[in-house]
Amino acid sequence: MKSSHSIHIKGAREHNLKNIDVSFPRNQLIVVTGVSGSGKSSLTMDTLFAEGQRKYAESLSAYARQFLARKEKPDVDSIEGLCPAIAIEQKVSSSNPRSTVGTMTEAQDYLRLLFARIGKTYSPISGEIVKKDSTSDVVDFILSLKEGIRVYITIPFTFPEDRTAKKELELALQKGMVRLLKINEGKREFIRIEDLLDEELPKTWEHYYYLIDRIVAKENLEEEELEETKHRLADSIDLAFYEGKNKILVFTEENGKMEQHFFNHAFEKDGILFEEPSPHFFSFNNPLGACATCEGFGQILGINPDLVIPNPQISVYEDAVVAWRGESMSKWKKAFLLEEGKKGFPVHTPIQDLTKEQRAILQVWIDDFFRMVEENLYKVQYRVMLARYRGKKDCPACHGSRLRKEALYVKIAEKNIHELSQMPVKEVKIWFDSLELSAHEQQVAQRIIVEIQQRLNTLVKVGLGYLHLNRHANTLSGGESQRIQLTKFLGNTLTDSLYILDEPSIGLHPKDTAQLISVLKELRNLQNTVVVVEHEEMMMEEADYIIDMGPLAAHLGGEVIASGTVEELKKNPKSLTGKYLSGKMAIAADIPKAHIAPRKFIKLIGARGHNLKNIDISIPLNALTLITGVSGSGKTTLIKNTLYPALQKALNIFPREDALPYIALEGAIQEIDKVELVDQNPIGKSSRSNPVTYIKAYDAIRKLFADQALSKIQGFQAKHFSFNVPGGRCETCKGEGEVLIEMQFLADIHLECEECKGRKFKEEVLEVRYQEKNIYDVLEMSVDKAIVFFKAHPKIQENLQYLSDVGLGYIKLGQSSNTLSGGESQRVKLASFMSRKRQKEHFLFIFDEPTTGLHFHDISKLLSSFRALIQQGHSIVVIEHNTSVIEHADWIIDIGPEGGDAGGTLLYEGNLEGIKKVKESYTANYIP
């Protein structure tokens, strides 16, 4: 299809693309699909987006262009009809502990602005609103008085201890003050300061005031006279506030009766001087607003109460305080029972049922106990005990709010900013929808509230209504992170732009995918072109146009197999995707379903972290267990944040993070040697890390090159074929193949090394060849090509085969780890574990959304890999939404029914057939 309403790509050859021509119809929702490695990202990100970015860069300054001119443009003949491009990639979230959902969406920035503009400060003592009286407030008060009332603007007569009253009066005369007003027993008297200096001064000055100005109130003033009066009063009041250190007294006299009216220009109440709110005042990333104790992190290292009392369902008498168990420490429990029991403490009441006051009493004893432990740290047993119960706990100063306490005195409709940030987004949306403001507040806050509501609405639409704005970014999945970025771009309401998204449905239950599609259509309806790299069947069914890449991966892919509507794709005999969509092919049709009957179990009892409702689950060993449920139902909390660290602790592996609260871990734990979380984090922090080194195949390849005749002549050893150590690597780029150019106002730029031309090694090392290929050529090979290339070396071939078996035959051996997607990194780790088949240890593997980035055709390979691990004696727990994978599970644990506070309940646990009968389960509705 080619028209003036399309973006036309001609001759695209980036990576594995085979000189293809393709058109993207503008202002439509377009899905680019195909097997993993078929060239989807090469076409969308590396060609379409890269060229859009390059053309934008041409409009930048000459300083920027002098570097950008050296950056290679995509390998494409031409792209016509290109519009400004925005890419929203699927990446595991930032590890910055300060980044939250609120800061990522910018909703927190608008919230801070809202509280600074219309928030009211309440005194913690009286609970009354703290108000600063302005000059206009005093002027309005005076002008509102009835005709004829006499008004006296005064400030109290005071003087410092190091100055006499006479000296103070002399200074007042120099400032232009003429009279004092004396009021005693309701009677007034004017005294000239000059006359007072000639007399004997009073012994007490309690009833004396400087008279700044006096006026008689008038009604119905003419406009000119009104303006003149306002200016006079404003000048006098400003002077009074200045001289009176923000405090003035206005006396009114009517029919000889005096009344006193106090005005305070300082932000003060109940003897406390409060700070006036500003946006920075509500930021935990700014020293002005951050809690001084935890520096805005919300947590500190200390005694973790959940470790001290892991089971609040039992009483002190039943050993709820586990630190008081044992022969030597039980004396603390006995002393507590004796002393506090006599005073009426309910020693047989479960901890969770104690009152706030009773918990405080118990906490005092616990604090004293650990104070004793710290005093005895010179003894080994006490050091071990302290380490056992230390961990992250809520900051005692801010109680986890991350803000200084003064910021929490500011409220809107009885809510402070922390309380709002801790509510699920969908509840915050309801709160804003019902928010009632005065006319003035509405005028000030209207635009701010529109921006907040727009972001909240989009978060709910993309299925993230269960998150709260204070949720740490480093606890989000890659899919959640991408959908959060999407809310930010939707808030910009750009038109006639090109949006490219990489698998936005990741982490979404089928129930929530429909909402995401509606958001993408909304973006399209703003006259934008939305291109989505996607494997989700529901997304394809709703797309306006589909481009199917293939036919297979790497060098066997890179072609446009089919393009058109979903119905046209289903009828196309060449399209592999079309065959799956039409039902002619099915995922893992040759793999038996649920053929293992579990016998041994691990039992997690009383999990209650975050939204979990004190649930008990059983995990079968030597089986495939699927954890399902809608987004936000509590799956990650249950498995990654509770089961995983709890198992680590039980296996004497020191966990990075403490497990969220649970009561006990029981069952056949002794049957497991290790537990591994196979997550989507990069396989290495260094850009030099790559798949071939991660699976331990590179050592054999380097040895092979070191054994070549030319290597022996040159004296090269295996180390010379490593780009990680000096010797054979290019020292200009340190084996990176590129150099970093730091830009002053733009993102840093990575440019090809001019010395080695991006080949990472010295020229003499590259002269060594095996079967006409040097070490750089080998690193540039795809896994599948390398398997054929090394057919004479079974050890190398075997290790590489594991990468192919998990659907990664298309990636390059030397591909930098930071260019791998989350799903690809996860499958590289899976291949690494599969290569250890000869070990006798039994693992429990935990996978989080392993189908990320997988086409229908590749999921079969993944399931085969899972079965291979199970046959080796391992156990697998998978958090997953893909119904095809769920159908092959031996055991299903379904959490729900909804996300957030409405989730966290165990809906079902058992085999596949049983879940279909659970009415409350959304998962059951999507299983065939």
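A brief structural summary.

Rules used in this analysis
- Residues numbered from 1 in each chain as written.
- Predicted model: local features only at pLDDT ≥ 70, side-chain atom pairs only at ≥ 80, totals over all residues.
- Heavy atoms only, no water.
- Helix = DSSP H or I, 4+ residues; strand = E, 2+ residues; numbered from the N terminus.
- Areas by Shrake-Rupley, 256 points an atom, 1.4 Å probe, with all protein chains shown as cover.
- Phe/Tyr/Trp six-rings, centres within 6.5 Å; stacked < 30°, edge-to-face > 60°.
- Buried < 20%, exposed > 50% of the residue type's maximum accessible area, 1.4 Å probe, protein only.
- Lys NZ or Arg CZ within 6 Å of the ring centre and 35° of its normal.
- Axes fitted to C-alpha atoms, helices over the stretch in contact; angles between N-to-C directions.
- Left-handed = near helix turned anticlockwise from the far one by under 90°.
- Contact = heavy atoms within 4.5 Å.
- Nonpolar A, V, L, I, M, F, W, Y, C, P; charged D, E, K, R; others polar.
- Pairing = 2+ DSSP bridges.
- Salt bridge = Lys/Arg side-chain N within 4 Å of Asp/Glu carboxyl O.
- Core = buried A, V, L, I, M, F, W, Y, C linked by side-chain atoms within 4.5 Å.
- Polar contact = N/O pair within 3.5 Å; in protein donor to acceptor, adjacent residues only side chain to side chain.
- Expected span 1.5 Å × (residues − 1).
- Bend = angle between axes of the 7 residues up to and from the residue.
- Patch = residues over 30% accessible without salt bridge, like charges linked within 9 Å, V, L, I, M, F, W, Y side chains within 5 Å.
- Lys, Arg positive; Asp, Glu negative; His and termini not counted.
- Charge placed at Lys NZ, Arg CZ, Asp CG, Glu CD.
- Parallel < 35°, antiparallel > 145°, perpendicular 65-115°, else oblique.

Our focus in this paragraph is the overall build of the chain. From N to C terminus, the chain includes 33 helices and 33 strands. The principal-axis extents of the C-alpha atoms in the chain amount to approximately 120 × 80 × 65 Å. Element-wise, carbon and sulfur atoms account for 48% of the exposed surface of the chain, whose accessible area totals about 43,700 Å².

The next point concerns the packing of aromatic side chains. Evaluated as defined, the whole model comprises 33 aromatic pairs. Ring centres of F843 and F845 lie 5.4 Å apart, and the angle between their planes is 10 degrees; this geometry places the pair in the stacked category. You'll find F843 and F845 in the same group, each marked buried. An aromatic cluster of at least three residues, connected via ring pairs, comprises W324, W332, F336, F345, W365, F369, F370 and Y389. Across from the ring centre of F190, 4.4 Å away, lies the NZ or CZ of R214, which sits over that ring. Over the ring of F723 we find K760, and its NZ or CZ is 4.8 Å from the ring centre.

Take the packing of helix 10 (residues 330-342) against helix 11 (residues 356-375) next. Contact geometry for helix 10 and helix 11: axes closest at 12 Å, N-to-C directions at 145 degrees. Here helix 10 and helix 11 pass one another in a crossing that is right-handed. Of the residues in helix 11, those touching helix 10 at W332, A335, F336, E339 and E340 are I361, L362, W365, D368, F369 and M372. Taken together, the residues of the contact of helix 10 with helix 11 break down into eight nonpolar, no polar and three charged.

Inspection of the secondary structure assignment puts F284 in the loop between strand 15 (272-273) and strand 16 (299-303). With 244 residues separating them in the primary sequence, F284 and N528 have C-alpha atoms 36 Å apart. Ignoring sequence-local partners within four residues, the contact set of F284 consists of R98, T100, T103, Q108, A290, E295, G296, R402, L403 and N470.

Of note, the amide linkage connecting G550 to P551 takes the cis form, showing an omega dihedral of 5 degrees. Along the chain, P551 falls in the loop between strand 21 (545-550) and strand 22 (559-564). Between G896 and P897 the backbone carries a cis peptide bond, its omega angle lying at 0 degrees. Tracing the backbone shows P897 in the loop between strand 32 (891-896) and strand 33 (905-910). The backbone of E106 sits at a positive phi, close to 70 degrees, despite the residue not being glycine. Positive phi, close to 55 degrees, is recorded for D270, a residue that is not glycine. By the secondary structure assignment, D270 is in the loop between strand 14 (268-269) and strand 15.

To continue, consider the pairing of strand 8 (residues 150-156). Burial analysis of strand 8 places five of its seven residues in the buried class, the great majority of the element. Here strand 8 pairs with strand 11 (residues 208-216) via seven bridges, running antiparallel. Within strand 11, the position partnered with I155 by the bridge is Y210. When strand 8 meets strand 12 (residues 247-254), the two strands line up antiparallel, connected through five bridges.

Within this structure, the stated rule accounts for 48 salt bridges. Residue E406 is joined to R404 by a salt bridge in which the shortest nitrogen-to-oxygen separation is 3.3 Å. Residue E406 is classed as partly exposed on the basis of its relative accessible area, which comes to 26%. The partly exposed category is assigned to R404, whose relative accessible area is 22%. One salt bridge connects R455 with E451, and the closest N-O pair in it is separated by 2.9 Å. Taken together, the positions of R455 and E451, both in helix 15 (residues 439-461) and four residues apart, correspond to about one turn of that helix. For the pair shown, R455 and E451 are each scored as buried. Within this structure, E106, R447, E451 and R455 form a network of salt bridges that share partners.

What follows covers the environment of Y499. Locating Y499 in the fold gives a position in strand 19 (residues 498-502). Judged by its relative accessible area of 0%, Y499 is buried. Setting aside residues no more than four positions away along its own chain, Y499 makes contact with I86, I88, F489, L494, L523, N528, T529, V530 and V531.

If you look at the biggest cluster of nonpolar residues, it comprises 139 residues, and the most contacted ones within it are F432, I701, F790 and L800. Once residues lying within four places of it in the same chain are set aside, the contact partners of F432 are L111, L114, I449, I452, Q453 and L456. Judged by nonpolar contacts, the second largest core, of 31 residues, contains L638, I639, A668 and V675.

On to the sheet that holds strand 2 (residues 20-25). Pairing is antiparallel across the open sheet formed by three strands, whose spatial order is 2-1-4. In this open sheet, the two edge strands, each paired with only one partner strand, are strand 2 and strand 4 (76-80). On average, each strand axis in the sheet is tilted by 10 degrees relative to the strand beside it, whichever way the strands run. Here strand 1 (residues 6-12) runs beside strand 4; their pairing, made up of four bridges, is antiparallel. Along strand 4, the bridge assignment pairs H8 with E80.

Of note, T44 is situated in helix 1 (residues 40-57). There is a polar contact of 2.8 Å between the side chain of T44 and the backbone oxygen of K40. Dropping the residues within four chain positions of it, T44 is found in contact with V32, F49, I500, V531 and V533.

Backbone-to-backbone hydrogen bonds join strands into a sheet, with any given pair of strands oriented parallel or antiparallel. Spatially, 24-23-26 is the arrangement adopted by the three strands of the open sheet, whose pairing is antiparallel. The open sheet has two free edges, formed respectively by strand 24 (615-620) and strand 26 (664-667), since each of these has just one partner strand. In this sheet, neighbouring strand axes are inclined to one another by 20 degrees on average, regardless of whether the strands run parallel or antiparallel. Note: strand 23 (residues 601-607) against strand 24, five bridges, orientation antiparallel. Opposite K603, over in strand 24, you have S618 as the bridge partner. Contacts between helix 21 (residues 635-650) and the sheet are confined to strand 23, strand 24 and strand 26, with strand 23 contributing the most and set at about 115 degrees to the helix.

So, about the side chain of E534. In this fold, E534 is placed in the loop between strand 20 (529-533) and helix 18 (537-542). A relative accessible area of 1% means that E534 is categorised as buried. Polar side-chain contacts of E534 include one of 2.9 Å to the side chain of S505.

Turning our attention to helix 21. An ideal rise of 1.5 Å per residue puts 22 Å on 16 residues; helix 21 measures up with 21 Å between its terminal C-alpha atoms. The largest bend along helix 21 measures about 30 degrees and falls at L643, with the proline P645 one to four residues further on. Here helix 21 has its buried residues at K635, T637, L638, I639, T642, L643, Y644, P645, A646, L647 and Q648.

Turning next to helix 15. At A445, helix 15 shows its maximal kink, close to 55 degrees. Among the residues of helix 15, E441, A445, I448, I449, E451, I452, R455, L456, T458 and L459 are the ones counted as buried. Once helix 15 ends, the next one or two residues include G463, with phi positive near 80 degrees.

A cluster of acidic residues, E222, E223, E224, E227 and E228, forms a negative patch at the surface. Mapped onto the elements, E227 comes out in helix 8 (residues 223-243).

Packing of helix 15 against helix 17 (residues 510-525) leaves a shortest axis separation of 8 Å and a crossing angle of 135 degrees. Here helix 17 runs oblique to helix 15, going by the angle between their axes. Listed contacts from helix 17 to T458, V460 and K461 of helix 15 are Q515, L516, V519 and E522. Classifying every residue of the contact of helix 15 with helix 17 by side-chain character gives three nonpolar, two polar and two charged.

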